[in-house]
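Understanding the architecture of this molecule
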Amino acid sequence: MAKMYYNGDANEAYFNGKRVAVVGYGSQGHAHAQNLRDSGVEVVVGLRQGKSWEKAEQDGFEVKTVAEAVAASDVVMILLPDERQTAVYKNEIEPQLTGQALMFAHGFNVHFNQIVPPESCDVLLVAPKGPGHLVRRTYQEGAGVPALFAIHQDVSGTARDLALAYAKAIGALRAGALETTFKEETETDLFGEQAVLCGGLTSLVKAGFETLVEAGYQPELAYFETMHELKLIVDLMYEGGLEGMRYSISDTAQWGDFVSGPRVVNDQVKEEMKRVLTDIQEGTFAKGWIAENENNRPVFNRINEKENTHQIEEVGRELRKMMPFVNKQKQREVAASAK
Ligand code: NDP
Ligand code: MG
Ligand code: MG
């Protein structure tokens, strides 16, 4: 088994006398900034004027422009959207670099040479394997989201100490961290989200929903069957693997899983997955996504609009209104605003 790193592997004292600039206060940014602060690390948040700036201030952070935050820190964690990082890096971060360690939560821009950091600074990544809101929520619950870490440049000789201390401070070492490279993290992250977690899953759910509705079954029922119930199944897999999930379902469901699952996700699907992986490895996917952003996202916006009006979404929106308890985040926001 690969070596896993846990709390005991990190040097507690690493952040003494050091300040971390968290650049961006979105999904990952708010979670990293708050977890670091709760772990006793001095944090300054780097942003542009806008919604996130207000939110970070409301949450009690010192907020500065990106350039000011970078200039005033020892460690810079870049948590901007990947497609925005190159421009902000060039204009606001790079000119302020005087030996700060540069950190990322995803290797995309460094691996695909969109950002080429100076040879004089440490470059590393700590990538939580989960959405930012869970990085925060699990930390508050005394748990954590596992993470990957990788060292791209280690000029100071302490880049690994920083990676582990950072992973510990955001709660990731409670769950375990695994060492990787920028290349492996980038390629597997893109593949995971495209083939399984996001792309594979949304396509599977929609195909199942459409099959039932086209056969004349009620859309509401199809929604419960192919979308709502998914969480319950995934929770069981998260807790106990495939075996744990199969223990809880009926033997009829398990037999259907064995005989029909491989008919749906068959060898042809796996062949296509391999082609998706090749596109990622050869940089074709990255090139297309960078070009799409340079053109202001015509295809992205068109598909997004179409997807949001899919029948499963319209049915789901109505059904979820009657189940406010399914959205814990929203429930917390409503409770907080009522205080
Ligand atoms: P978000 O889109 O959630 O956050 C964007 C943040 O960046 C906002 O605070 C936004 O502020 C700010 N921002 C955008 N443009 C600028 C700018 N020009 N100058 C200053 N601030 C700006 O990003 P994510 O948290 O999703 O992603 C951050 C990184 O984490 C990425 O590298 C991603 O791959 C990685 N990651 C993300 C995961 C996730 O769960 N989302 C999981 C693991 C890794 P404003 O309000 O002003 O727009
Ligand atoms: Mg990911
Ligand atoms: Mg990703």
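Starting afresh in each chain, residues are numbered from 1 along the sequence in its written order. Ligands are numbered from 1 and chains lettered from A, in the order in which they are written. Where totals are concerned, whole chains, interfaces and linings use all residues; where local detail is concerned, this predicted model gives features only for residues with pLDDT of at least 70, and gives and counts side-chain atom pairs only at 80 or more.

Focus: the domain arrangement of the protein
Test applied: An automatic or database domain assignment supplies the start and end points of every domain.
Looking at the protein, the domain boundaries give domain 1 (4-181) and domain 2 (192-338). Taking only C-alpha atoms into account, the centre of domain 1 sits 29 Å from that of domain 2.

Looking at the site of ligand 1
Heads up, the rule is: We call a residue near a molecule or strand when the C-beta position, derived from backbone atoms, sits within 6 Å of it. Where helices and strands are cited, they refer to DSSP runs of H or I of at least four residues and of E of at least two residues respectively, numbered from the N terminus. Ten residues, namely Ala, Val, Leu, Ile, Met, Phe, Trp, Tyr, Cys and Pro, are considered nonpolar, four, namely Asp, Glu, Lys and Arg, are considered charged, and the remaining ones, Gly among them, are considered polar.
Lining the immediate surroundings of ligand 1 are 24 residues, of which Gly 24, Gly 26, Gly 50, Ser 52 and His 106 lie closest. Among the elements of the structure, helix H1 (27-38), helix H2 (51-58), helix H4 (82-93) and strand S7 (123-128) are those that each provide at least two residues to the shell around ligand 1. Looking at the shell around ligand 1, its residues break down into 11 nonpolar, 9 polar and 4 charged.

Some details on the nonpolar core
Heads up, the rule is: Only buried Ala, Val, Leu, Ile, Met, Phe, Trp, Tyr and Cys residues enter a nonpolar core, and they are joined through C-beta atoms within 7 Å. Residue burial here comes from a neighbour count, namely the number of other C-beta atoms, placed from the backbone, that lie within 10 Å of the residue's own C-beta, with 20 or more meaning buried, 12 or fewer meaning exposed, and in between meaning partly exposed. We call two residues in contact whenever the C-beta atoms placed from their backbones are within 7 Å.
Counting 64 residues, the largest nonpolar core has Val 45, Met 103 and Ala 167 as the members making the most contacts within it. Examining the composition of this core, we find that 8 residues originate from one element, helix H7 (residues 159-169), more than from any other. Every residue in contact with Val 45, bar those within four places of it in the chain, is listed here: Val 22, Tyr 25, Ala 33, Ala 56, Phe 61, Val 63 and Ala 69. With 6 residues, the next largest nonpolar core counts Phe 209, Ala 222, Met 227 and Ile 312 among its residues.

Thoughts on the pairing of S7
In plain terms, the rule: By this definition, two strands are paired if DSSP reports at least two bridges between them.
Of all 6 residues in S7, 6 are buried, a share of seventy percent or more. Burial along S7 is two-sided: Val 123, Leu 125 and Ala 127 and Leu 124, Val 126 and Pro 128, pointing in opposite directions, are all buried. One ladder, built from 3 bridges, connects strand S6 (residues 101-104) with S7; its direction is parallel. Bridging from a neighbouring strand, Phe 104 pairs with Leu 125 of S7. Relative to strand S8 (residues 147-153), S7 is paired through 6 bridges, and the arrangement is antiparallel. Counted as the bridge partner of Pro 128 is Ala 147 from S8.

Description of the environment of Gln 114
Structurally, Gln 114 is set in the loop between helix H5 (108-111) and S7. The exposure class assigned to Gln 114 is partly exposed, which follows from the 17 C-beta atoms found within 10 Å. Distance in space between the C-alpha atoms of Gln 114 and Glu 83 is 9.6 Å, their sequence separation being 31 residues.

Points about the packing of helix H8 (residues 182-197) against helix H9 (residues 199-214)
The test is simple: Axis lines are fitted through C-alpha atoms, for helices just across the contact stretch, and the angle between N-to-C directions can take any value from 0 to 180 degrees. For this classification, under 35 degrees means roughly parallel, over 145 means roughly antiparallel, 65 to 115 means roughly perpendicular, and everything else is oblique.
Contact pair H8 / H9: the axes reach a minimum separation of 3 Å and the direction vectors enclose 10°. Between H8 and H9, the crossing angle belongs to the class labelled roughly parallel. On the side of H8, the interface is formed by Glu 193, Gln 194, Ala 195, Val 196 and Leu 197, while H9 contributes Gly 199, Gly 200 and Leu 201. Across the contact of H8 with H9, the residue classes break down as 4 nonpolar, 3 polar and 1 charged.

Re the pairing of strand S2 (residues 19-23)
Stated precisely, the cut-off is as follows: When the strands point away from the viewer, a crossover counts as right-handed if the route from the first strand across the helix to the second turns clockwise.
Counting buried positions over the 5 residues of S2 gives 4, a clear majority of the element. As paired strands, S2 and strand S3 (residues 42-47) are joined by 5 bridges and run parallel to one another. Looking across to S3, one finds that Ala 21 is bridged to Val 44. In this view, the connection linking S2 to its parallel neighbour S3 by way of H1 has right-handed handedness. Judged from the 4 bridges that link them, S2 and strand S5 (residues 75-78) form a sheet pairing that is parallel. Within S5, the position partnered with Val 22 by the bridge is Met 77.

Quick word on the UniProt feature "binding site: Mg(2+) 2" (unreviewed entry) in the protein
Condition: UniProt positions are given in the numbering used here, feature names are shortened, and annotations may be inferred rather than shown by experiment.
Taking the numbering used here, the UniProt-annotated feature "binding site: Mg(2+) 2" (unreviewed entry) corresponds to Asp 189, Glu 225 and Glu 229. Spanning 41 residues, the named residues do not form one spatial group; their C-alpha atoms are separated by as much as 28.4 Å. With respect to the helices and strands, Glu 225 occurs in helix H10 (residues 219-248). Given 16 C-beta atoms within a 10 Å radius, Glu 225 is considered partly exposed. Tracing the chain through its elements places Glu 229 in helix H10.

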